[in-house]
Structures are given as C-alpha cells and as structure tokens.
Amino acid sequence: MKIIVLMKQVANKDAVLRIAGDEKWINEADVAWQTNESDGYALEEALRTVEAKGEGEVVVCTLGPQGAKTVIKDALARGANRAIHVVVDDSKSLSSYQIAKTIADAIKEENADLVFTGLQSDDASFGQTGVILAELLGIPHATIVIEVDRASLGDTLRVKRELESGWYQWFTYKLPALLTIQSGISQIRYASLKGIMAAKSKEIREVTPAVEEFASASAIQKVYMPLKTKQTQILGNGDAKAGAVELVEKLRSEVRII
Amino acid sequence: MILVFIEHKDCVLNKTSLEAIAAAQSIGKDLGLGVTAVLPCDKDCSLAQEIAGYAVEKVLIAKNEKLGTYTPDAYADAWEHVIKALAPKYVVMSHTYQVRDFAPKVAARLGREVVGDCIRYRAEGGKLVLTRRIFLGKLDADVTLGGDAPYFVTFQSGAFRGDAAEKGSGAVETMEVTIGDVRMTPEAPFQEAKASVDLTRSEIIVAVGRGIKSQENIAVAQQLADALGADLAASRPICDSEWLPIDRQIGSSGQTVAPKLYIALGISGAIQHIVGMKNAGTIVAVNKDAEAPIFDIADYGIVGDLFEAVPVLVDEIAKAKG
Ligand SMILES: Cc1cc2nc3c(=O)[nH]c(=O)nc-3n(C[C@H](O)[C@H](O)[C@H](O)COP(=O)(O)OP(=O)(O)OC[C@H]3O[C@@H](n4cnc5c(N)ncnc54)[C@H](O)[C@@H]3O)c2cc1C
Ligand SMILES: Cc1cc2nc3c(=O)[nH]c(=O)nc-3n(C[C@H](O)[C@H](O)[C@H](O)COP(=O)(O)OP(=O)(O)OC[C@H]3O[C@@H](n4cnc5c(N)ncnc54)[C@H](O)[C@@H]3O)c2cc1C
C-alpha cells in the first residue's frame with residue numbers, strides 16, 4: 001500500500017498581507033509560512049490508513065522552491081516515510097494545470113495506490129489541482145472527502161463525501177484513486193521528538209523538472225483590497241474595552257435589542 | 001455560444017443554477033453570445049420545461065442511462081461529448097460542491113483549467129476579466145483568461161441573483177451522449193441525524209471562531225450569550241475540534257441562520273461561514289485583525305482582543321438591563 005500526499009506551502013493565516021509593488025500578488029518578503037491547512041489533514045488520513053492496513057508507506061510530495069522543504073520536514077517528523085520535492089523556484093508563476101502536470105510527471109512511476117491532496121489551498125483556492133492531477137494520471141477521484149472507511153480498504157475503497165447543507169454520500173472507488181481531503185476529517189497528531197529525530201535520516205528525492213508552457217493559464221492582472229459592501233461603524237478606535245462600551249450603547253439605541 | 005450547467009437531483013432543481021443562468025445571460029448580452037442550458041439526465045428530464053421558461057436559446061438534455069445518480073466520471077464524459085459537439089466559447093457554472101468535483105476534470109481533459117469561485121466579471125475588448133477572492137477573502141484578484149475557447153468559469157453562490165434570471169422561452173432538445181467506464185459506485189445521499197439545536201429560530205446568536213483559542217474559553221462567550229439571552233454558535237474549526245457540537249456550526253456545511261443580531265467573536269469571515277449568516281439583521285464583529293474579511297459585512301466592528309471586549313460587554317449589558 002503506497003499513498004502519496006500532496007502538500008503545499010502557503011502564507012501563514014495570520015500574516016499581515018501587503019500587496020506587492022506590481023499589484024500582482026502579495027509581498028512575500030517577510031511573510032511567515034505554513035503548510036496548507038487541509039493538506040495537514042490529508043497527511044493525517046494517509047498515516048491512519050497505512051496504520052490501519054498494517055503495512056505500506058506514505059510519501060509526501062511538494063512543488064515549490066527550496067524554502068518549501070519545511071513542509072516536507074514537518075511531514076516526515078509526523079510519520080511520513082519519505083518525500084519527493086519537485087523543485088521549482090518560481091512556483092507562483094505556475095497555474096493549477098501546470099502544477100498538476102509537473103507533479104504527475106514526477107510521481108507517475110511511483111504507481112501509488114492512493115493519492116491524497118487537500119481540498120483547496122488557503123492562498124489561491126482554486127481547489128482543482130487534485131482533480132486535474134487525477135485526470136492526468138488516468139485515475140478516478142473524489143473531492144471533499146470527510147471520512148475514509150479504512151476497514152473497507154482492498155482493491156476498492158469506500159469514502160464519504162460531504163455534499164451541501166448537511167448531506168453526505170458514500171462512494172466506492174476502484175484503486176488507484178485520488179481523494180481531496182476536507183479539513184477536520186480527524187485530529188492531527190503532533191510531531192514527537194522521536195519523529196523529529198527519525199526524520200533526519202529519511203529520504204527526500206529532489207526532482208528538477210522542465211515545466212511545460214500552458215497557453216490556457218489564467219493570469220492575475222491586479223490584486224487589491226476587497227471593496228466594502230457595507231458601511232461598518234468601527235467602535236472604540238482600536239481600544240477593545242471602549243469599543244465594548246460603545247457597542248452596548250448602539251445595541252440599546254440603534255439596534256434596540258437591549 | 002455559452003453553455004450553462006443546470007444542476008439537479010432526481011429532476012429537482014438546485015436553485016443556484018438560476019444564478020448561473022443569470023450570469024450566463026448577462027455575459028451573453030455583453031459579448032453577443034446566445035445561451036444554451038445543459039441538463040445531464042438519464043431520462044427526458046421533467047425539469048427541462050421549467051428551464052425552457054427562461055431566456056435561453058435552447059435547453060439541451062444530455063441523456064444517458066448512467067446519468068441517473070451523479071458520478072464525476074459520467075458527468076465528465078457527458079460534458080466532453082456536449083462541448084465537442086457544440087464548441088462553446090464559455091462554459092458557465094455555479095461553484096457548488098458538485099461542480100468543484102467534475103468541472104476541473106472536464107477542463108483538464110480538454111487542456112484547460114477552471115477560473116473558479118468568481119464573484120463578478122466585466123467585459124473588456126470582447127473578453128472577460130473575472131474577479132476572485134484569494135487568501136481566504138482578504139484580497140481580490142482580477143484574472144484574465146488565457147489561450148483559446150472554451151473557457152470554464154464558475155461563480156460563487158450569491159454572486160448573481162437567481163430571481164434576476166430573465167424569463168423567456170427556449171426549445172428543448174435531447175442529445176444522446178456516450179459515457180465510458182464509471183469507476184465509482186455511489187450510494188444514496190443521506191443527512192446525518194437531525195440537528196438537536198435549531199438555530200434558524202434564534203433571535204440573537206453569539207458565534208465563536210478560532211480566535212477563542214481553547215475549549216475552556218468557550219465559557220467567556222457563553223457568559224455573553226447568557227447576558228443577551230442568545231444562542232451560542234461556532235465556525236467550523238470549533239466544531240471540528242469538538243469544542244462545540246456540530247449542530248452549532250454555521251455556514252455552508254452547517255446551519256443557515258438569519259437572527260436579528262449576530263455577534264462574531266474571533267471569526268475571520270471565510271465565504272463558507274458568511275453564506276450561513278449574512279442575512280442576519282445586524283452583524284457585529286470582534287476581531288483583532290482590522291483586515292479580517294468579516295468586517296466587510298459587519299454593521300459594527302470592534303478591532304481588538306475579544307478577551308478584553310467580552311467581559312466589558314457582559315458588564316455593560318447587565319448595567320443597561322438594570
Ligand atoms: C506571484 C503569483 C502569481 C500568480 N499568478 C498566477 C497566474 O497568473 N495564474 C494562475 O493560475 N495562478 C497564479 N498564481 C496562483 C498559484 O500558482 C496557484 O497556487 C496555482 O494556480 C495552484 O492552485 P491552488 O494553489 O489554488 O491549488 P488548489 O487547487 O486549491 O490546491 C489543492 C491541493 O492541491 C495540492 N497542491 C496545490 N499546489 C501544490 C504544490 N505546489 N505542491 C504540492 N501540492 C500542491 C495541495 O494538496 C492543495 O491542498 C500566482 C501565485 C503567485 C504567488
Ligand atoms: C467546502 C468547505 C466547507 C466549509 N464549511 C464551513 C462551514 O460550514 N462553516 C464555517 O464556519 N467554515 C466552513 N469552512 C471553513 C472556512 O473556509 C474557514 O476555514 C473557517 O470558517 C475559519 O474559521 P474561523 O474564522 O473560526 O478561523 P480563522 O479563519 O482561523 O479565524 C480566526 C480569527 O480570529 C481572530 N482572532 C484571533 N485571536 C483573537 C482574539 N484574541 N481576539 C479577537 N480576534 C481574534 C483572527 O484575527 C482571525 O480573523 C468550509 C471550508 C470549505 C473548503
């Protein structure tokens with residue numbers, strides 16, 4: 001049993017975002033990085049699936065510059081067996097299709113039984129890299145997976161997909177297959193000290209691909225602060241306590257709820 | 001030509017498809033293109049007549065026995081067939097869970113990708129410039145399309161109004177489509193046990209997000225809820241961590257509420273949360289990040305630490321109530 005998990009490095013959730021000079025992205029100079037949230041859940045689910053099976057390996061794969069190695073090291077410390085780093089310095093200039101194509105070329109020969117990805121990235125949020133990858137690998141996919149029936153794992157696998165407004169649906173897939181994993185599918189483990197030590201000797205295979213041109217890529221023309229749709233009254237001028245006093249007054253006099 | 005996807009379950013319309021029709025009609029006017037609605041089904045879909053009552057040139061039933069229950073493989077094959085037969089310029093859909101599941105696959109097969117989850121567009125020189133939210137709603141990006149048609153575009157729920165879709169009359173046609181091997185077997189969709197808490201009736205809701213930091217701190221929000229006679233609710237990560245039960249979750253995968261007052265404590269305002277509460281009468285946000293997207297829809301905002309604001313709120317409410 002071999003599971004490949006795609007993990008992407010993204011700007012930290014709480015990072016203060018400044019728009020870059022060319023207005024085409026953010027200024028990444030002093031941004032703190034983290035692993036994309038749902039990708040952490042994808043890794044956790046892969047580890048649990050292999051543990052339940054009692055054999056197999058989890059291989060993490062990231063596409064990005066050398067700095068993206070922190071994503072790999074963290075995943076190895078949590079228990080992934082080895083890693084593939086598709087080294088692309090300017091990974092931002094790639095569209096979802098190019099990323100999927102480049103990753104497909106790098107992992108095709110691994111012949112994995114399962115590929116897990118996060119359901120969408122926290123930066124560009126196209127939510128399509130995994131689906132495109134499945135098509136390019138010629139394997140079926142399921143998106144927004146919220147439960148994996150690990151006991152069912154054999155030549156097929158039963159997975160639960162989240163639908164809208166509280167609906168769910170089980171599907172059975174022939175393997176190999178690709179799943180995009182929803183955040184919250186399980187509780188993520190922490191890396192243990194032992195895991196961190198063990199990670200140092202795990203294999204990281206570097207691939208330096210030639211990225212193909214892709215004429216149909218969409219291009220960002222301009223990035224800007226969202227236009228406000230509502231007039232928001234900001235209370236307290238940055239002083240939370242003063243704001244609270246003002247708010248209660250508003251709730252009494254304007255909203256008339258108190 | 002613009003193709004617009006009509007989503008349905010057992011011939012019952014998913015209403016967000018009306019938003020997609022409105023979007024397609026609007027783009028059609030701007031670019032001088034006709035609109036054809038595409039309805040994948042295993043029979044002569046009873047929904048076709050209803051859709052034909054909108055201003056579309058045609059309603060096309062893409063028919064095959066494998067289209068009874070949704071699967072990504074069958075839908076991708078059906079769409080590939082229709083697109084190759086009709087050579088549309090644009091394919092327009094609502095960014096629903098189902099569309100997220102199959103649209104990138106169809107696009108990839110045709111050597112394209114999807115410009116997904118757009119919130120608006122403008123026409124410039126005969127082409128579309130689309131706006132998408134990035135960085136979890138903190139920034140907007142204007143995006144242009146590359147390469148040749150067909151272009152795949154999906155719009156966020158609420159980007160267009162379904163009731164603005166123009167009425168008219170279109171012809172209904174059927175196209176038998178070929179579908180290959182379907183590599184997944186669906187079971188019947190189901191709902192998890194009914195929520196024991198019905199927040200849709202709440203007049204006042206105090207909702208907590210990840211800014212609450214720990215399960216113990218939920219008590220802080222509970223005090224505010226008690227002071228106001230409000231119900232407690234939460235964003236998804238809080239329920240995922242089991243700090244509050246799932247039936248307190250607000251948003252696209254939780255409950256949709258419209259109380260008189262909604263107080264969001266430490267919630268960033270991701271679109272999947274906002275769709276569940278944007279129709280509240282008055283929205284209050286307490287968040288230490290002045291740029292959190294929740295402030296875009298808030299009537300009143302406090303920029304600061306919720307742990308400073310909430311105790312004062314509780315005291316002041318007690319005073320005001322006498
Ligand atoms: C300066 C800059 C300019 C940009 N310009 C453009 C542009 O012109 N056109 C454009 O289309 N995009 C542009 N982007 C967006 C960027 O290239 C996107 O990251 C890309 O389109 C992939 O889509 P996504 O991140 O939304 O992935 P999603 O499809 O949302 O990701 C889903 C999942 O796929 C996996 N995954 C995605 N990327 C990787 C990766 N690199 N390594 C490993 N796993 C991965 C993860 O598991 C992730 O959870 C730009 C970005 C930057 C920084
Ligand atoms: C398919 C799909 C379905 C989803 N369904 C839902 C859904 O139904 N409901 C839902 O809510 N989400 C849903 N999500 C998740 C959603 O995208 C967001 O990840 C989630 O809403 C974020 O929750 P949050 O605002 O609590 O956390 P975060 O985004 O982490 O925000 C926490 C906020 O707290 C603020 N903060 C931190 N400390 C303090 C403090 N001391 N005082 C004041 N403020 C503070 C921070 O500035 C930040 O803005 C879904 C996502 C997907 C992809």
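Here the residue numbers are simple positions, counted from 1 along each chain's written sequence. Chains carry letters from A onward and ligands carry numbers from 1 onward, assigned in written order. Residues qualify for local features only when their pLDDT is at least 70, as the model is predicted, and side-chain atom pairs are given and counted only at 80 or more; totals for whole chains, interfaces and linings, by contrast, use all residues. Where side-chain values are given, they derive from all heavy atoms of the structure, hydrogens and water being excluded.

> I would appreciate a short explanation of the overall build of chain A in the present structure.
Helix and strand content of chain A: six helices and 13 strands. Overall, the C-alpha framework of chain A stretches about 65 × 45 × 40 Å when taken along its three principal axes. Partitioning the contacts of chain A with sequence separation of at least 6, the portion at a separation of at least 24 is 68%. In the structure as shown, chain A presents an accessible area of about 11,300 Å², 49% of it carried by carbon and sulfur atoms. His is not counted, nor are the chain ends, whereas Lys and Arg count as positive and Asp and Glu as negative. Think of each charge as sitting on NZ of Lys, CZ of Arg, CG of Asp or CD of Glu. When the 31 basic and 35 acidic side-chain charges of chain A are each reduced to a single mean position, those positions are 4 Å apart. Counting from the N terminus, the helices are DSSP H or I runs at least four residues long and the strands are E runs at least two residues long. By definition in these notes, contact holds between two residues if any of their heavy atoms fall within 4.5 Å. In this description, accessible areas are obtained by the Shrake-Rupley approach with a 1.4 Å probe, and a residue is regarded as covered only by the protein chains that are shown.

> Would you mind showing me how to read the overall build of chain B here?
A tally of helices and strands in chain B yields eight helices and 18 strands. With the C-alpha coordinates of chain B rotated into their principal frame, the extents come out at 70 × 45 × 35 Å. Counting only residues that meet the buried cut, chain B has 61% of its 322 residues in that class. Of all intrachain contacts in chain B linking residues separated by at least 6 positions in sequence, the fraction that spans at least 24 positions is 65%. Counting every atom, chain B has about 12,100 Å² of accessible surface; 49% of that belongs to carbon and sulfur. Once the 33 positive and 42 negative side-chain charges of chain B are each reduced to a mean point, those two points are 2 Å apart. Residue burial is assigned from relative accessible area. The probe radius is 1.4 Å, only protein chains are included, and a residue is buried under 20% of its type maximum, exposed over 50%, and partly exposed in between.

> Got a minute to help me understand unusual backbone geometry in this structure?
Note: most residues except glycine have negative phi, and most peptide bonds are trans. The residue after A:Leu175, namely A:Pro176, is reached through a cis peptide bond having omega 0 degrees. Structurally, the position occupied by A:Pro176 is in the loop between strand E9 (167–174) and strand E10 (177–181). The omega angle of the peptide bond from B:Ala149 to B:Pro150 is 0 degrees, so this bond is cis rather than trans. With respect to the helices and strands, the residue B:Pro150 is situated in the loop between strand E9 (139–144) and strand E10 (151–155).

> Just to check I follow, could you spell out the confidence of the model for chain B for this structure?
Atom-level detail of predicted coordinates should not be read off regions where pLDDT is low. What pLDDT expresses is the predictor's confidence in each residue, scored from 0 to 100. Here chain B averages 96 in pLDDT, and 99% of its residues register 70 or above. What the predictor reports for the complex is a pTM of 0.90 with an ipTM of 0.91.

> Please clarify how the interface of chain B and chain A should be interpreted in this entry.
Accessible area lost when the parts come together is the quantity often used to give the size of an interface. Taken residue by residue, the interface counts 85 residues in chain B and 89 residues in chain A. What gets called buried area is simply the loss in accessible area from a 1.4 Å probe that two parts show on being joined, summed for both. Of the roughly 7,800 Å² buried between chain B and chain A, counting both surfaces, carbon and sulfur atoms make up 55%. Contact with chain A buries area across many residues of chain B, yet B:Glu113, B:Phe135 and B:Tyr300 alone supply 10% of it, more than any other trio. Whenever a carboxyl oxygen of Asp or Glu lies within 4 Å of a side-chain nitrogen of Lys or Arg, that contact is scored as a salt bridge. Where chain B meets chain A, there are eight salt bridges. A:Arg161 is paired through a salt bridge with B:Asp101; the nearest N and O atoms lie 3.8 Å apart. Within 3.5 Å is the distance limit for a polar contact, defined as a pair of N or O atoms, with the added protein rule that one can donate a hydrogen and the other accept it, and that residues adjacent in sequence qualify only through two side-chain atoms. Summed over the shared surface of chain B and chain A, the number is 44 residue pairs in polar contact (both at pLDDT 80 or more).

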